[in-house]
Amino acid sequence: MLKKCLLLLLSGACLTAAAADKYLVDQEHTFSSFEYRHWGLSLQRGRFDKNSGSIELDLENNTGSLQINIDADSINTGSDKFNQVLRSESFFYAEKYPKISFLSNKMIFNEDKLVQVEGDLTIKNVTRKVTVDITQFECRFMILYLKRACGANGNTKILRSDYGVGRYVPFVSDEVTLSFSVEAIKE
């Protein structure tokens, strides 16, 4: 009897460990954007139009992981000329470093709401720890996909000089706010 109970207990633990659902990032509803001060004149914004990745969520146990990949060449400021400058060796050097990535194995929940994601941000082959504050998080069945989907918005601040993208500091602010709007669809 004890052996049977132990087997049932262990099999339940295995089921719990495998309870994470996998979601694929919806590239049409996911954007990474940035804000910085431009020569003390104004707050400027831009975004990266191509984002991909996957998210694993175990909402029952409030755990998860994620990987977001950003195509550095997809930078979009609204100015083709400025986009070319940011893609160049002087900034992102998109030809040599085509991918910006964020990898996290630590999601922090307050009850059932995701409030922070801690992970590694890599830009131009430089990796640093960052904490993304989550400002919105929801999951629900989406009739459009006939599947469950989750979405989140979050932001963090970095120093661009930490990643080798510090040209024109201090005239163009070193501190940059990164924002993320992510939607992902359950596999």
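Keep in mind the model is a prediction, meaning the values are calculated, not measured.

**Student:** How would you sum up helix 2 (residues 80–87)? Please name residues and give values.
**Tutor:** For helix 2, every residue scored as buried is listed here: Asn83, Leu86 and Arg87. Projected down its long axis, helix 2 shows its buried positions confined to an angular sector of 100°, all on one face.

**Student:** Account for the state of the cysteines, with residues named and values stated.
**Tutor:** Applying the stated criterion across every chain, the model contains one disulfide. Disulfide pairing places Cys139 opposite Cys150 at an S-S distance of 2.0 Å. The chirality of the disulfide connecting Cys139 with Cys150 is right-handed, given an S-S dihedral of about 110°. With Cys139 in strand 9 (residues 126–142) and Cys150 in strand 10 (residues 147–159), the pair connects residues that are 11 residues apart, well separated along the chain. You can call Cys139 buried: its relative accessible area is 17%.

**Student:** Please provide a residue-by-residue account of the layout of surface pockets, values included.
**Tutor:** In this structure, the largest pocket occupies an estimated 420 Å³ of space. As for the largest pocket, its lining consists of 28 residues, and the residues nearest its centre are Phe34, Phe92, Arg160, Val165 and Val176. Among the elements of the structure, strand 2 (31–38), helix 2, strand 8 (113–123) and strand 11 (175–186) are those that each provide at least two residues to the lining of the largest pocket. Along the lines of polarity and charge, the residues of the lining of the largest pocket split into 22 nonpolar, four polar and two charged. Roughly 210 Å³ of internal volume is contained in the second largest pocket. Lining the second largest pocket we find 14 residues, and of these Glu138, Arg140, Cys150, Gly151 and Glu183 sit closest to its centre. Residue assignment for the lining of the second largest pocket shows that the elements contributing at least two residues are strand 9, strand 10 and strand 11. When the residues that make up the lining of the second largest pocket are grouped by side-chain class, the tally is six nonpolar, five polar and three charged.

**Student:** Account for empty space enclosed by the protein, naming residues and giving values.
**Tutor:** Counting across every chain of the model gives one cavity of 30 Å³ or more. What the largest cavity holds in volume is close to 260 Å³. Together, 19 residues line the largest cavity, and Ile55, Leu66, Ile134, Ala152 and Val182 are the ones closest to its centre. Elements supplying a minimum of two residues to the lining of the largest cavity: strand 4 (51–58), strand 5 (63–71), strand 7 (99–110), strand 8, strand 9, strand 10 and strand 11. Examining the composition of the lining of the largest cavity, we find that five residues originate from one element, strand 10, more than from any other. In the lining of the largest cavity, the residues fall into 16 nonpolar, three polar and no charged.

**Student:** Give me the lowdown on unusual backbone geometry, citing residues and values where you can.
**Tutor:** Between Val169 and the following residue, Pro170, the backbone shows a cis peptide bond with an omega angle of 10°. In this structure, Pro170 sits in the loop between strand 10 and strand 11. Its identity is not glycine, yet Leu146 carries a phi of approximately 60°, on the positive side. For Leu146, the location among the structural elements is in the loop between strand 9 and strand 10. Here the phi dihedral of Tyr168 falls at roughly 75°; this positive angle occurs in a residue that is not glycine. Counting through the fold element by element, Tyr168 comes out in the loop between strand 10 and strand 11. Assessed through its relative accessible area of 40%, Tyr168 is described here as partly exposed.

**Student:** Let's hear about the side chain of Lys124: which residues, and what values?
**Tutor:** Relative to the helices and strands, Lys124 is located in the loop between strand 8 and strand 9. No salt bridge is formed by the buried Lys124; the nearest opposite charge belongs to Glu89, separated by 8.5 Å. At 2.8 Å, the side chain of Lys124 forms a polar contact with the backbone oxygen of Phe91. A polar atom in the side chain of Lys124 sits 2.9 Å from the backbone oxygen of Gly164.

Procedures and definitions
- Residues numbered from 1 in each chain as written.
- Predicted model: local features only at pLDDT ≥ 70, side-chain atom pairs only at ≥ 80, totals over all residues.
- Heavy atoms only, no water.
- Buried < 20%, exposed > 50% of the residue type's maximum accessible area, 1.4 Å probe, protein only.
- Helix = DSSP H or I, 4+ residues; strand = E, 2+ residues; numbered from the N terminus.
- Arc of directions from axis to C-beta.
- Disulfide = S-S within 2.5 Å.
- 1 Å grid on protein atoms, 1.4 Å probe; cavity = no way out; pocket = protein on both sides within 12 Å on 5 of 7 lines; lining within 4 Å.
- Points joined across faces, edges and corners; volume = space filled by probe spheres on them.
- Nonpolar A, V, L, I, M, F, W, Y, C, P; charged D, E, K, R; others polar.
- Lys, Arg positive; Asp, Glu negative; His and termini not counted.
- Salt bridge = Lys/Arg side-chain N within 4 Å of Asp/Glu carboxyl O.
- Polar contact = N/O pair within 3.5 Å; in protein donor to acceptor, adjacent residues only side chain to side chain.

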